[in-house]
Amino acid sequence: MTHAQHNRVFGKRSQEHILILASGDKVRHVTIKPWMAALAFCFTGVLVIGYLLATSYLVLRDDLIGATMARQARMQHDYEDRIAALRAQVDRVTSRQLLDQQLVEDKVDKLMEQQMALTSRHGKLGSLLDRAENSGLTGKDETVGPVQSFEPATRDKRASLSGGAEAIGKLVAGTGEPAGASPGNSALAYVPAPETIGDRADRLFSKVTLSLKGVEEDQRARLEQLTADAGNAANSIEKVLTRFRIAVPEQAAVKSADDSAVGGPYVEPENGDDFNNSLAQLDAALTRLEAVRSTAETLPFRNPAIGKEITSPFGNRRDPFLGRLAFHSGVDFRFAPGERVRPTAPGTVVNAGWTGGYGNMVEIDHGNGVSTRYGHMSQILVRAGDTVGRSDVIGLAGSTGRSTGTHLHYEVRQNGRAVDPVYFMNAGLKLATYIK
């Protein structure tokens, strides 16, 4: 197929672009291909775009730089605000720790003062409890001796301070981790702080305070109980003494023996310390009890022959020698020959020797116009003027004087007149829980 035929079949052929360059006699021509035109167009486009971008940068550069600096300034300001907030938080935490430490120290001082006050009270109360034990209100050994009818339900229960002391010791010795704070703790402003030492101290102080208050209440209750018991015991003893017309010691008679050189203007007592007032009331009650109790212990309220048979009571009887009615001024107890005879109360021997129908007789003065006589003994072991106690042996049983057999003639005299010893012995049974 020829070139002419090809053009007829496929259409007109596109003309090529030729670039002719003439320089003097020289003529050059360059055929411009389509890809060359496309390449030239792309290169021109790139240049135009680059130019436009460069021009835009030069025009907008100041705005971009200003925006960047403003953004950096805002970031710096936010960072500085954050740092300032963290520093303020650290300062608050530090101040709180200092305040908590001061608060703990103040509360520890207060608790120690309260502890010392309770210790002082415990010392005062201890001496009164010793007096109460000596007066029979309390006992260290519950298995020994009769149960006191006036004794409180809780015996020998002295208020203990160990609970308060241990709690204070734990509080002072305890260490806790305070709320941590550091500039690097980014969550400090958002996470709630854990329990501080002040919070824990408040909780512990509340427990210790309640413990110490409990100790104080126990002490006060103990004082009130002992005061009531001492008053009841003193009243019971006074009733017995009054029945026998024994002078009851008055409060003025039991005061300190050194009142001869004291004085000063009268000032109303302070009512600020109820505990000291309770101590004073207990002291007065114990003093009264000790006075009446000591009086009762000097009187012959005991049986001179426990478990012995009474062979002749007090009062009118048939005389064993004359066979007619006669007055018997005492009580006769059957004794074995040589058996020991002890007095029914402490006192002073006023007569010791042969005394008519009494035979060998010992008479003991117990004070308050009361005396006892022990007759018909085979041997006397004391002399007039001796001071004897309940456990002392004053003689040996026998049958001397006006006697039909070995026995003890026991006689109680009040203001020189013979009284029935059984009355005193029955009263002694009522007083058995109050006197030794």
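Conventions and cut-offs
- Residues numbered from 1 in each chain as written.
- Predicted model: local features only at pLDDT ≥ 70, side-chain atom pairs only at ≥ 80, totals over all residues.
- Heavy atoms only, no water.
- Patch = residues over 30% accessible without salt bridge, like charges linked within 9 Å, V, L, I, M, F, W, Y side chains within 5 Å.
- Areas by Shrake-Rupley, 256 points an atom, 1.4 Å probe, with all protein chains shown as cover.
- Salt bridge = Lys/Arg side-chain N within 4 Å of Asp/Glu carboxyl O.
- Lys, Arg positive; Asp, Glu negative; His and termini not counted.
- Charge placed at Lys NZ, Arg CZ, Asp CG, Glu CD.
- Helix = DSSP H or I, 4+ residues; strand = E, 2+ residues; numbered from the N terminus.
- Buried < 20%, exposed > 50% of the residue type's maximum accessible area, 1.4 Å probe, protein only.
- Polar contact = N/O pair within 3.5 Å; in protein donor to acceptor, adjacent residues only side chain to side chain.
- Contact = heavy atoms within 4.5 Å.
- Arc of directions from axis to C-beta.
- pLDDT = per-residue confidence, 0-100.
- Phe/Tyr/Trp six-rings, centres within 6.5 Å; stacked < 30°, edge-to-face > 60°.
- Pairing = 2+ DSSP bridges.

J.: How do you make sense of a negative patch on the surface when you look at a structure like this?
T.: A contiguous patch of negative charge, built from Glu105, Asp106, Asp109 and Glu113, is present on the exposed surface. By the element assignment, Asp106 lies in helix 2 (residues 34–134).

J.: Looking at this structure, how should I read the side chain of Thr372?
T.: Secondary-structure assignment places Thr372 in strand 10 (residues 370–380). The exposure class of Thr372 is buried, given its relative accessible area of 0%. A distance of 2.8 Å separates a polar atom in the side chain of Thr372 from a polar atom in the side chain of His366. Not counting residues within four places of it along the chain, the set of residues in contact with Thr372 comprises Pro300, Thr344, Val362, Glu363, Ile364, His366, Tyr410, Glu411 and Val412.

J.: Before we go on, may I ask you to explain the side chain of Ser329 in this structure?
T.: Counting through the fold element by element, Ser329 comes out in the loop between strand 5 (325–328) and strand 6 (331–334). A relative accessible area of 14% means that Ser329 is categorised as buried. In this structure the side chain of Ser329 is engaged in a polar contact, spanning 2.8 Å, whose partner is the side chain of Glu411. If we skip the residues at most four places from it in the chain, Ser329 touches Phe314, Tyr358, His409, Glu411 and Ala418.

J.: Looking at this structure, I do not really get helix 6 (residues 421–430). What am I missing?
T.: Working note: α-helix, 3.6 residues per turn, so residues spaced by three or four point in the same direction. Along helix 6, the residues that are buried comprise Pro421, Phe424, Met425, Ala427 and Gly428. Taken around the axis of helix 6, the buried residues stretch over an arc of 160°, which confines them to a single face. Of the exposed residues in helix 6, those oriented more than 90 degrees away from the buried face are Tyr423, Leu429 and Lys430. The N-capping residue of helix 6, defined by a side-chain oxygen 3.0 Å from the backbone nitrogen of Val422, is Asp420.

J.: I'm lost on the confidence of the model for the protein chain in this one. Help?
T.: When pLDDT drops low, the exact placement of atoms in the prediction is not to be read closely. Across the protein chain, pLDDT averages 77, with 78% of residues at or above 70. Here residues 4–9 is modelled with pLDDT under 50, and outside its nearest four sequence neighbours on either side it reaches four contacts, counting other chains as well. Note that residues 175–191 has pLDDT below 50 and, in this model, 20 contacts with residues that lie over four places away or in other chains.

J.: Where do I start with the packing of aromatic side chains in this structure?
T.: Aromatic ring pairs are defined here through the distance separating the ring centres and the angle between the ring planes. All told, the structure shown has five aromatic pairs when counted by the stated rule. Taking 5.5 Å as the distance between ring centres and 45° as the angle between the ring planes, the aromatic pair formed by Tyr374 and Tyr410 counts as tilted. Taken together, the residues span a long stretch of sequence, with Tyr374 in strand 10 and Tyr410 in strand 13 (residues 407–414) at a distance of 36 residues. Pairwise contacts between aromatic rings join Phe244, Phe301 and Phe424 into one cluster.

J.: Whenever I open this one, the pairing of strand 13 confuses me. Can you help?
T.: For a regular strand, the rule is simple: side chains alternate between the two faces of the sheet. Most of strand 13 is tucked away: eight of the eight residues are buried. Of the two faces of strand 13, the one carrying His407, His409, Glu411 and Arg413 and the one carrying Leu408, Tyr410, Val412 and Gln414 are both buried. Taken together, the four bridges between strand 6 and strand 13 define a ladder with antiparallel strand orientation. The partner of Val331 across the bridge, within strand 13, is Tyr410. Where strand 10 meets strand 13, six bridges bridge the pair, whose relative direction is antiparallel.

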